[in-house]
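Below, each chain spelled out in residue letters.
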Amino acid sequence: MQGFEKTALDCCHVVFAPTHLEGNVELAKRSGLEIDTTCGGVMVNSEMAARTDVYVAGDTASYPDRVLGRRRMQSFDHSFYSGLLAGSNMALSARKPYQH
């Protein structure tokens, strides 16, 4: 939200999907979201939700992986599919887990 720091937004859902290699979690910290001190990302559940109606995708998301444990990935593929799932989960009542 660069450039909008002093703007109030009235919305139903929020998605954090940064485009940097290193996810910037400062806004998430100030918003009270939980930060993964090991991976450095914003903690999300398997549906990419950090809180009710707050979703995090891409390089900033620290998500649970069934095989590798909690992780944060930096790749276009992950950013694309996690963003697609976060958007789908926001819009639909049938939420799906992220499996990358």
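Residues numbered from 1 in each chain as written. Predicted model: local features only at pLDDT ≥ 70, side-chain atom pairs only at ≥ 80, totals over all residues. Heavy atoms only, no water.

1. Thoughts on the environment of Ala 28
Then step 1. Mapped onto the secondary structure, Ala 28 falls in helix H1 (residues 26-30).
Then step 2. Owing to a relative accessible area of 3%, Ala 28 belongs among the buried residues under this scheme.
Then step 3. Separated by 15 residues in sequence, Ala 28 and Met 43 place their C-alpha atoms 10.0 Å apart. (Helix = DSSP H or I, 4+ residues; strand = E, 2+ residues; numbered from the N terminus. Buried < 20%, exposed > 50% of the residue type's maximum accessible area, 1.4 Å probe, protein only.)

2. A word on the sheet that holds strand S5 (residues 61-65)
Then step 1. On the basis of which strands lie adjacent, the open sheet formed by three strands has the order S2-S5-S6 and mixed pairing. Of all strands in the sheet, those with a lone pairing partner are strand S2 (42-43) and strand S6 (69-71), marking the two edges. (Pairing = 2+ DSSP bridges.)

3. Thoughts on the pairing of S5
Then step 1. Here S5 lies mainly inside the structure; four of its five residues are buried.
Then step 2. Of the strand pairs in this sheet, S5 and S6 are connected by three bridges, and their pairing is antiparallel. Following the sheet pairing, Tyr 63 is matched in S6 by Arg 71.
Then step 3. Here S5 folds back onto S6, and the loop between the two strands holds three residues.

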